[in-house]
Amino acid sequence: MTKLDGEQPPPFEVLEPAEWRAPIIFNSPHSGSVYPYDFLSASRIDLLTLRRSEDSFMDELITDLSGRGFPTVRVNFPRSYVDVNREPYELDPRMFSGRLPSFANTRSMRVAGGLGTIPRVVGDGQEIYRERLSVDDALSRIEALYKPYHRALRRLINKVHQAFGTVVVVDCHSMPSIGVSRDEPRRPDVVIGDRYGTSCAPLLPDTVENTMSRLGYSVGRNKPYAGGFITEHYGNPAAGLHAIQLELNRAIYMDERRREKGPRFAQVAADFAALADALATVPFGDLGPFQAAAE
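Below is a summary of the structure that appears in this document. Along each chain, residue indices are assigned from 1 in the same order as the chain's sequence is written. Residues qualify for local features only when their pLDDT is at least 70, as the model is predicted, and side-chain atom pairs are given and counted only at 80 or more; totals for whole chains, interfaces and linings, by contrast, use all residues. Hydrogens and waters are ignored; side-chain quantities use all the structure's heavy atoms.

1. Quick look at the pairing of strand β7 (residues 190-193)
Along a regular strand, successive side chains alternate from one face of the sheet to the other.
Part 1 of the argument: Both faces of β7 are covered, namely the face carrying Val190 and Ile192 and the face carrying Val191 and Gly193.
Part 2 of the argument: In terms of strand pairing, β7 meets strand β8 (residues 219-221) through three bridges, oriented parallel. In the sheet register, Val190 faces β8, and the bridge partner there is Val219.
Part 3 of the argument: A clockwise path from the first strand over the helix to the second, with the strands pointing away from the viewer, defines a right-handed crossover. Where helices and strands are cited, they refer to DSSP runs of H or I of at least four residues and of E of at least two residues respectively, numbered from the N terminus. As for the winding sense of the linkage, the β-α-β connection from β7 through helix α6 (residues 203-214) to β8 is right-handed.
Part 4 of the argument: With four bridges joining them, β7 and strand β9 (residues 241-249) adopt antiparallel strand pairing. Each residue gets one of three labels from its accessible area relative to the maximum for its type: buried under 20%, exposed over 50%, partly exposed in between, using a 1.4 Å probe on protein chains only. The criterion for strand pairing is that DSSP finds at least two bridges linking the strands in question.

2. Things to note about the pattern of salt bridges
Part 1 of the argument: Only one rule defines a salt bridge in this text: a Lys or Arg side-chain nitrogen within 4 Å of an Asp or Glu carboxyl oxygen. Counting across every chain of the model gives 20 salt bridges.
Part 2 of the argument: Arg195 is the partner of Glu232 in a salt bridge, and the nearest nitrogen-oxygen pair spans 3.5 Å. Highlighted residues: Glu232 in helix α7 (residues 229-234) and Arg195 in the loop between β7 and α6, separated in sequence by 37 residues.
Part 3 of the argument: Residue Glu232 is classed as partly exposed on the basis of its relative accessible area of 44%.
Part 4 of the argument: Among the salt bridges present, the one from Arg221 reaches Asp206, with a minimum N-O distance of 2.6 Å. Separated by 15 residues along the polypeptide, Arg221 in strand β8 and Asp206 in helix α6 bring together distant segments of the chain.

3. Notes on α6
Part 1 of the argument: In this scheme, a helix's expected span is set at 1.5 Å multiplied by one less than its residue total. With twelve residues, α6 should reach 16 Å at 1.5 Å per residue; the first-to-last C-alpha distance of 16 Å fits that figure.
Part 2 of the argument: Taken together, the buried positions of α6 are occupied by Leu204, Pro205, Thr207, Val208, Thr211 and Met212. Projection of α6 onto a plane perpendicular to its axis shows the buried side chains occupying an angular sector of 155°, all on one side. Exposed residues lying more than 90 degrees from the buried face of α6 are Asn210 and Arg214.
Part 3 of the argument: Working rule for contacts: check all heavy atoms of both residues, and any pair within 4.5 Å makes them a contact. Residues of α6 that are buried in the fold lie against β6 (167-175), β7, β8, β9 and α8 (265-280).
Part 4 of the argument: Looking at the residues trailing α6, positive phi occurs at Gly216, about 100°. This arc is taken over the directions from the axis of the helix to the C-beta atoms.

Now the structure itself:
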């Protein structure tokens, strides 16, 4: 984990393979751990608490995949600073000292929960900021970080789509091992999110479930996570654009309290590589694009 001092890493990184093996992009939008000093100084909570929102080490679990023929994308800034898995302007008016622009979405469920594009709370519900932010601060973060990331991701998706005729975005996340609600059942090792069958062809989640089950993981679908903005926005199966979200239970690869890698980290990374290999065998010609049948 680093902070923004000395030589700064880029806000996000796109790693393309020397030789493309399949039209599959692995994306890690929530693993960023480079915290700007002005953000830390404005926060009412400490760094360890801020980090509870991170999908810690997920970027490292997929980093070797670019050497195996798959492009990867990783975000380096934290989701608690700017969350790219939201609409561009999901903003909570209670957070800001000025008037938000009329095009801001202030009424989404994510905003209501404090988890908009500029989050109000961290994952466990604790308020982030001591004082209200200026609207200009929020808009500048979106212009400087959110929009360039999505432009780069869109360019990569278009490049793959043009080259192969179809593309699969695997949006990689991690989840706390225990939910907020006591009534929630025990979480599986992996949760597949396909927006209830709307963001990708059924063959893809089926392949993920079969592969991960064979490797010894328990697998669920769409509960408690069905996929966020990225899965919904970039998934259009009829056009040959497929997006699937994977939520990995943090307890299987890290110490959640200490925020450290666990003893199974290397094995989980190897299993992720095996999953990529399995997805590469999918008959992509069967994944569209498809023309609507004549009436």
